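Overview (structure and organization)
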Amino acid sequence: MGSSDRLFNRHRDIHQILGGGLVADLMLWRRKNLTLGILVVTLAAWVVFEISGYTLLSLVSSVFLLLFTILFLWAKSATILNRPAPPLPHLHLSEEFVNEAATFIRDHVNNVLTLSEDIAYGRDTRMFVKVALSLLMISLIGSLTDFFTLGYTCLVVVLTVPALYERYEDHVDIYVLTWYRKLHHLCVRVDEECITIVHKWVLEKKKLS
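Residues numbered from 1 in each chain as written. Predicted model: local features only at pLDDT ≥ 70, side-chain atom pairs only at ≥ 80, totals over all residues. Heavy atoms only, no water.

Right, let's talk about the overall build of the protein chain for a bit. Across its full length, the protein chain holds eight helices and zero strands. Each helix (α) and strand (β) of the protein chain, taken in turn from the N terminus, gives the series α-α-α-α-α-α-α-α. Structurally, the protein chain occupies a C-alpha span of about 105 × 40 × 35 Å along its principal axes. Classification of the 209 residues of the protein chain by burial places 13% in the buried group. In the protein chain, once contacts between residues fewer than 6 apart in sequence are set aside, the share between residues at least 24 apart is 54%. About 17000 Å² of surface is accessible on the protein chain, with carbon and sulfur atoms providing 68% of the total. (Helix = DSSP H or I, 4+ residues; strand = E, 2+ residues; numbered from the N terminus. Buried < 20%, exposed > 50% of the residue type's maximum accessible area, 1.4 Å probe, protein only. Contact = heavy atoms within 4.5 Å. Areas by Shrake-Rupley, 256 points an atom, 1.4 Å probe, with all protein chains shown as cover.)

What follows covers the packing of helix α3 (residues 32-52) against helix α7 (residues 147-167). How two helices pack is summed up by the angle between their axes together with the distance between the axes. Direction vectors running N to C along α3 and α7 enclose 165°, while the axes themselves pass 10 Å from each other. Comparing their axes, α7 and α3 come out roughly antiparallel. Considering how the two elements wind past one another, α3 and α7 form a crossing that is left-handed. Residues T35, I38, L39, T42, L43, W46, F49 and E50 of α3 touch α7, and the partners they reach there are F148, T149, Y152, L155, V156 and L159. Looking at the contact of α3 with α7 residue by residue, the class counts come to 10 nonpolar, three polar and one charged. (Axes fitted to C-alpha atoms, helices over the stretch in contact; angles between N-to-C directions. Parallel < 35°, antiparallel > 145°, perpendicular 65-115°, else oblique. Left-handed = near helix turned anticlockwise from the far one by under 90°. Nonpolar A, V, L, I, M, F, W, Y, C, P; charged D, E, K, R; others polar.)

What follows covers the UniProt feature "transmembrane region" (unreviewed entry) in the protein chain. Sequence positions flagged by UniProt for "transmembrane region" (unreviewed entry) are, in local numbering, residues 33-49, 55-75 and 132-165. Between the C-alpha atoms that bound residues 55-75 there is a distance of 30 Å. The span itself is 95% helix and 0% strand. Annotated as residues 132-165, this span is 94% helix and 0% strand, and its ends, taken at the C-alpha atoms, are 26 Å apart. (UniProt positions renumbered as here; feature names shortened; annotations may be inferred.)

And the structure:
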C-alpha cells in the first residue's frame, strides 16, 4: 500500500506519530505488562470509587495512612526483635522517564496554546468548529456520566484503539478511504446540483425582471 493510500496521507507509522517514546509504547502495547497494569489499577480504582463512595482525596489519604502505619510498625518491631527490615524497593524516577514525560506534556500544551491563539484571533474557522463540536460532545457525555467513569472510559479507548488500529491499519485505511471517496464524490455531486439549481433560479429571475 503506497503512502497515498494511507489515512490522512501520512508518511510515518503510528508509533512515530504518537511520539515514539514511553507514551507511544504504552498506547501500542509495546510494554504489555505496564499497559495491562495501568488498566487493572484504574479498573480497581473505578470499582472502589463507584462502590464505596470514596472521594479521591479520602481514598489516597486512607491508603497512605494504612501503608505507612504498617511499614512503620514492621520496621520498629524488626529492630526490637532483631528481624530483617521491610523489603522495600528503591523508589526513584529516572531522568529519562521524567524528560520524556516533560517533553510530551510540553509539546501537547504548546500545541493547545497555539490552537487556542489561532481560534481567539479568528485565524482558523475550521478548528473553531471542531473544538466547539468536541466541547459540546464532552458536555453532553459529561451530563450522562460521572468524571471517574468518563476518565476510565477515555483511558480504555486510548490504550486500545491505537493498538487495534496499528494491528489492522491496512484494512481500516482501505475501508475508511473508500467510504471517504464515495462521500466526497456524493458531496461534489450535491454541490454541482445545488449550483445548477441556483443558477437556473437566477436566470429565471432575470428573465422575469
